[in-house]
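Now for the letters of each chain:
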Amino acid sequence: MTETIGSRTAPADDQTSLVEVRNLKKHFQTTSGPLGRLFDGSDVVRAVDGVDLTITEGETVAVVGESGCGKSTLAKTLLKLHQPTHGSITYRGTDLTDLSHSEMRPFRREMQIIFQDPLGSLNPSKTVGQIVATPMDVHGIGADSTIRQERAKELLKRVGLSVEHFDRTPEQLSGGQQQRVGIARALSVEPDFLVADEPTSALDVSVQAKVLKRLDTLTNEHGAAMLFIAHDLSTVRHIADRVAVMYLGRIVECAAVDELFDSPQHPYTKALLSAVPRIDPDDRAERIRLHGQVPSPMNPPAGCRFHTRCQELIPPTEWKGTQEQFRMVFTFQQKVLSGIIDVEAVRTELQEDSKEVHPSALVDTVVNRLFPGNLADLPSDAHNTLYSAAQYLVDGDVDAAKGLVREEIRTPCEQNVPDVESQSSCFVRCHRYD
């Protein structure tokens, strides 16, 4: 039976900021050899690329997005487990950005993390009791080891384990029990700020809700703020006060949890929410299928980074067709640029049905393979562009085809990065709103 997680009470608007990050970036240098050449010669992964986020005391902020969008890197950079490439991290008014490992130590007690992989984050050579008691020993909590052990046993009870687990090793526990130990360890030093990095992703569905409920209850009891990382929006509805939606290293929308679920603004948020299962048939939205693949963080698109997959892509002012038609024309462009079609393979396929393939038939087939819709009502200038590009491909002039579609098929979404009017707790980065 699924366990229900209780509803959240949002913090007051006048609460003090606990954590602030401004224009935070974390770039990873890669090899300049074959791997670098594979990605157009770029040798920098822009995992986090300009994030602004504020977390107030006692607040839970969820960061959601597809795998690889930079969520976990953001969490670890915020805690200085990764050194930031650029930007600032402030905790209770203190700038942590350039602090050394030793200078960060006084803040470690107040800023704790629950890792995604419960077993991988627990020392297999130590017992559960030692794992939970060690942070208290490091930070001088409790007068002696006896008191720390008693406190560890009490914490294990509070996370849903028993005293019997105290002398066991992590390998003797189930995945859900291991994650509970991770929660107890993080809370043993009574942190004011907790980062939970997809804490239930490695667990069975049957225990996910129980772990989330326990985590929500304990952070509320401690009054701790939490940054909750998730790729599944369905897990954050009842645990978060605000939700920040992340795509390719940037936050594209941030809103109060109910506002985001009831009235999402960014097209990417709408797509993510359309995939959330709903029990009420009348409350189900039509599934939005995103176009193409997530671009490489080594070579992100210009302008709005989501525009290459956006279902609400903005046509240029001179466009004479519908928005849906422009989306399909743009999809044609992206396929040409990616080199997805093998003209010679198409030619060979046609030759299996006919001894002689007329050039016009080959061009027609290439267009139909690249264009995902009906060509009949397409504006004449777009129609001509598609066929001219296909003719270049058939003639073997791939560069000319790419140059043509780049020049003739353009969207305002790729011209500039969308602006945010203010750095308030709620915003959306989309050209439809700026």
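Here is what the cut-offs are and how they apply
- Residues numbered from 1 in each chain as written.
- Predicted model: local features only at pLDDT ≥ 70, side-chain atom pairs only at ≥ 80, totals over all residues.
- Heavy atoms only, no water.
- Salt bridge = Lys/Arg side-chain N within 4 Å of Asp/Glu carboxyl O.
- Helix = DSSP H or I, 4+ residues; strand = E, 2+ residues; numbered from the N terminus.
- Buried < 20%, exposed > 50% of the residue type's maximum accessible area, 1.4 Å probe, protein only.
- pLDDT = per-residue confidence, 0-100.
- Contact = heavy atoms within 4.5 Å.
- Pairing = 2+ DSSP bridges.
- Axes fitted to C-alpha atoms, helices over the stretch in contact; angles between N-to-C directions.
- Patch = residues over 30% accessible without salt bridge, like charges linked within 9 Å, V, L, I, M, F, W, Y side chains within 5 Å.
- Areas by Shrake-Rupley, 256 points an atom, 1.4 Å probe, with all protein chains shown as cover.
- Lys, Arg positive; Asp, Glu negative; His and termini not counted.
- Charge placed at Lys NZ, Arg CZ, Asp CG, Glu CD.

1. As for the pattern of salt bridges
And then number 1: The final tally for this structure, using the stated rule, is 19 salt bridges.
And then number 2: Here Glu 57 ties to Arg 92 by a salt bridge, and the two come within 2.8 Å at their closest N and O atoms. Here Arg 92 lies in the loop between strand 4 (86-91) and strand 5 (94-95) and Glu 57 lies in the loop between strand 2 (44-56) and strand 3 (60-64), a separation of 35 residues in the sequence.
And then number 3: On the accessibility criterion, Glu 57 (28% relative accessible area) is partly exposed.
And then number 4: By relative accessible area, Arg 92 is classed as partly exposed at 39%.
And then number 5: In this structure, Arg 432 and Glu 312 form a salt bridge, with 3.7 Å as the shortest nitrogen-oxygen distance. Taken as a pair, Arg 432 in the segment after strand 11 (427-428) and Glu 312 in the loop between helix 9 (267-274) and helix 10 (323-338) lie far apart in primary sequence, 120 residues in all.
And then number 6: We classify Arg 432 as partly exposed; its relative accessible area is 37%.
And then number 7: Through salt bridges with shared partners, one network takes in Glu 57, Arg 92, Glu 110 and Asp 192.

2. Details of the confidence of the model for the protein
Do not read the fine detail of predicted coordinates wherever pLDDT is low.
And then number 1: Confidence along the protein averages 88 in pLDDT terms, with 90% of residues attaining 70 or more.
And then number 2: When the criterion is pLDDT under 50, residues 1-7 qualifies, and its contacts beyond four places in sequence or with other chains add up to eleven contacts.

3. A short note on the side chain of Ser 121
And then number 1: Positionally, Ser 121 belongs in the loop between strand 6 (111-114) and helix 4 (128-138).
And then number 2: Under the relative-accessibility criterion, Ser 121 is labelled buried at 18%.
And then number 3: The residues contacting Ser 121, other than those within four sequence positions of it, are Phe 115 and Arg 185.

4. Re the sheet that holds strand 5
And then number 1: With antiparallel pairing, the four strands of this open sheet are ordered in space as 2-1-4-5. Unpaired on one side and paired on the other, strand 2 and strand 5 mark the two borders of the sheet.
And then number 2: In this sheet, strand 2 lies alongside strand 1 (residues 17-29) in antiparallel orientation, the contact comprising ten bridges. Paired with Glu 20 across the two strands is Thr 54, which belongs to strand 2.
And then number 3: Lying on the sheet, helix 2 (residues 71-78) is in contact with strand 1, strand 2 and strand 4; it crosses strand 1 at an angle near 115°.

5. Examining a negative patch on the surface
And then number 1: Where like charges cluster on the molecular surface, the negative patch consists of Glu 318, Asp 381, Glu 407 and Glu 408.
And then number 2: Following the sequence through the fold, Asp 381 ends up in helix 13 (residues 380-394).
And then number 3: Here Asp 381 falls in the partly exposed class, since its relative accessible area comes to 41%.

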